[in-house]
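Chain by chain, the residues run as shown.
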Amino acid sequence: MKRYTEKWFARRTNSVRGKQDMTEQGSENEILPGAQLDASKMLGHWLLARIGKQVLRPGGLNMTYSLLDSLKINWTDDVVEFAPGLAATAKQIIAMKPSSYVGIERDKDAVRFTSHQLESADIAKVIQGTASDSSLESGEASVVVGEAMLSMQSQKQKQLIADEAFRILRPGGRYGIHELSITPAKTPFEMKEEIKNALSNAINVGARPLAESDWCQLLEASGFEIEAIEHAPMHLLQPLRLVEDEGVLGVLRIFKNLMFDRIARQRVRLMRRVFKKYEEHLSAIMIVAKKPG
C-alpha cells in the first residue's frame, strides 16, 4: 500500500509540474501550429490546445502513466516519440531519465513549439520528419512511443508507421501506443463507418480507430509481439476526466477561453456530442509490443 501511495504521489507531483510548465508558456500560445487559422478550420487537437487543454490523449493522463509504466523506461533507453504535440508526455518521459529523447514532428511550427517546451532538457531534441520516414538510423532506439496519432492515419499509413517503429528499434526494443479503439470487435461495418465519419467531421481530420484485434494484427504484421493491452473509457471532454487531467484551475481556464470564442465553443460542443453519442463504441486503448530478439 505504501509503495502504491508513493507512486501515486510522484505521478501527481510530476503532473502538476508539467501543468505549471504548460501554463507558463503564456505568449507562446501564438506559435501553436495552425494558430493563424480560424477556429473553424483548425485540427481538433490544436483547437483544444488553443483553449487551454493540455492533455489531448483519449485515455487521459492515467493511460499515459500506464503506458510509460509498462514500457519501463530507464537510464539505458534511447526514446523516440512520434508526434509529441504539446510535449506533455515528453516531459514525463524525460522525468524518467532515459539516455536520450528524440521527438519526430512533421510540421515545422510544431517542431519549434515542442522544442521550446523541452529546451531545458539537454538529453532532448525535436526534429522534423514523419512517423513513416523518421530519417533515424535502424536500431537507433530502444523505445518508441506514439499517442493519438495512428488513429488519424489510413490503414496503409498506419502500417508504414508501425514498420518504421520496428525498423528504428533495436532487438528487444518496445513500442507503445495509446489510441482510439472501436468496441466491441463485432461492431457492424456500417456503424464503424458512421463513427469514423462523425469523428472526422468533428475534429477536421480523418479519424480511423480500430478494434483491439485489428490494432494487434497491425503490430504483428510489422513483426512485433504483443506484451500488454489496456482499455479506458474515451472521456476526453467529460467533466470528471477534465478535472482529473487538467485540474480545477485548468478547467476554469478552458471555460473562460470558451466564453470568449464562439466558434471554438461550437466546435467543442460538436466534439462532445459526437463522443457522447458513440461512447458505447469508443474506448481508449494502450498496447505495448516488443521487437523480438
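Residues numbered from 1 in each chain as written. Predicted model: local features only at pLDDT ≥ 70, side-chain atom pairs only at ≥ 80, totals over all residues. Heavy atoms only, no water.

Undergrad: Just checking my understanding: could you explain the overall build of the protein for this structure?
TA: Each helix and strand in the protein was counted, giving ten helices and eight strands. Counting across all 293 residues of the protein, residues that qualify as buried make up 51%. Here the protein has roughly 14100 Å² of accessible surface; of this, 54% comes from carbon and sulfur atoms. (Helix = DSSP H or I, 4+ residues; strand = E, 2+ residues; numbered from the N terminus. Buried < 20%, exposed > 50% of the residue type's maximum accessible area, 1.4 Å probe, protein only. Areas by Shrake-Rupley, 256 points an atom, 1.4 Å probe, with all protein chains shown as cover.)

Undergrad: Looking at this structure, I do not really get helix α9 (residues 239-259). What am I missing?
TA: Residues lying three or four places apart along an α-helix face the same way, a consequence of the helix completing one turn every 3.6 residues. For α9, which comprises 21 residues, the first-to-last C-alpha distance of 17 Å sits more than 12% below the rise-based estimate of 30 Å (1.5 Å per residue). At Glu246, α9 shows its largest kink, close to 110 degrees. Residues Arg241, Leu242, Asp245, Glu246, Gly247, Gly250, Val251, Ile254 and Leu258 constitute the buried set of α9. (Expected span 1.5 Å × (residues − 1). Bend = angle between axes of the 7 residues up to and from the residue.)

Undergrad: In this structure, what is going on with the pattern of salt bridges? I would like to understand it.
TA: One side chain can pair with another of opposite charge once the charged atoms of both are near each other. What the rule picks out here adds up to eleven salt bridges. Between Asp78 and Arg170 there is a salt bridge, and its shortest N-O distance comes to 3.2 Å. Here Asp78 is found in strand β1 (residues 78-82), whereas its partner Arg170 is found in strand β5 (residues 169-182), with 92 residues between them in sequence. For Asp78, a relative accessible area of 18% corresponds to the buried category. (Salt bridge = Lys/Arg side-chain N within 4 Å of Asp/Glu carboxyl O.)

Undergrad: Is there a simple way to explain the pairing of strand β3 (residues 124-128) in this structure?
TA: If a strand is regular, its side chains alternate between the two faces of the sheet. Across five bridges, the pairing between strand β2 (residues 100-105) and β3 is parallel. Looking at the pairing, Glu105 lines up with Gln128 of β3. Regarding the hand of the β-α-β motif, the stretch spanning β2, helix α5 (residues 108-117) and β3 is right-handed. (Pairing = 2+ DSSP bridges. Right-handed = clockwise from strand over helix to strand, strands pointing away.)

Undergrad: Help me out: how do you make sense of the environment of Phe255 in this one?
TA: Note on placement: Phe255 falls in helix α9. Residues Phe255 and Gly52, 203 residues apart in the sequence, show an inter-C-alpha distance of 9.0 Å.

Undergrad: Would you take a moment to explain the side chain of Glu81 for this structure?
TA: Residue position: Glu81 is located in strand β1. Relative accessible area serves as the criterion here: at 0%, Glu81 is assigned to the buried category. When near neighbours in sequence (up to four residues on either side) are disregarded, Glu81 contacts Arg57, Thr89, Ala90, Ile93, Tyr101, Val102, Gly103, Ile104, Val145 and Glu147. (Contact = heavy atoms within 4.5 Å.)

Undergrad: When you look at the packing of helix α3 (residues 60-71) against helix α4 (residues 88-95) in this model, what are you seeing that I'm missing?
TA: When two helices pack together, you describe them by how their axes are tilted relative to each other and by the distance separating the axes. It is the contact of α3 with α4, at a shortest axis distance of 11 Å, that shows an interaxial angle of 35 degrees. Seen along the crossing, α3 lies across α4 with a hand that is right-handed. Together, Thr64, Tyr65 and Leu68 of α3 and Thr89, Gln92 and Ile93 of α4 make up the contact between the two elements. The class makeup of the residues in the contact of α3 with α4 is three nonpolar, three polar and no charged. (Axes fitted to C-alpha atoms, helices over the stretch in contact; angles between N-to-C directions. Left-handed = near helix turned anticlockwise from the far one by under 90°. Nonpolar A, V, L, I, M, F, W, Y, C, P; charged D, E, K, R; others polar.)

Undergrad: How do you make sense of the packing of aromatic side chains when you look at a structure like this?
TA: The geometry of an aromatic ring pair is captured by two quantities: the separation of the ring centres and the angle between the planes. This structure, assessed with the given rule, holds three aromatic pairs. Look at Trp46 and Phe113: their rings are 6.4 Å apart centre to centre, the planes differ by 80 degrees, and that puts the pair in the edge-to-face class. Here Phe113 lies in helix α5 and Trp46 lies in helix α2 (residues 44-50), a separation of 67 residues in the sequence. The exposure classification of Trp46 matches that of Phe113, with both residues buried. Consider the rings of Phe166 and Phe224, whose centres lie 5.1 Å apart with planes at 85 degrees: the pair is edge-to-face. Remark: Phe224 occurs in the loop between α8 (212-222) and β7 (225-233) and Phe166 occurs in helix α6 (residues 155-168); sequence separation between them is 58 residues. (Phe/Tyr/Trp six-rings, centres within 6.5 Å; stacked < 30°, edge-to-face > 60°.)

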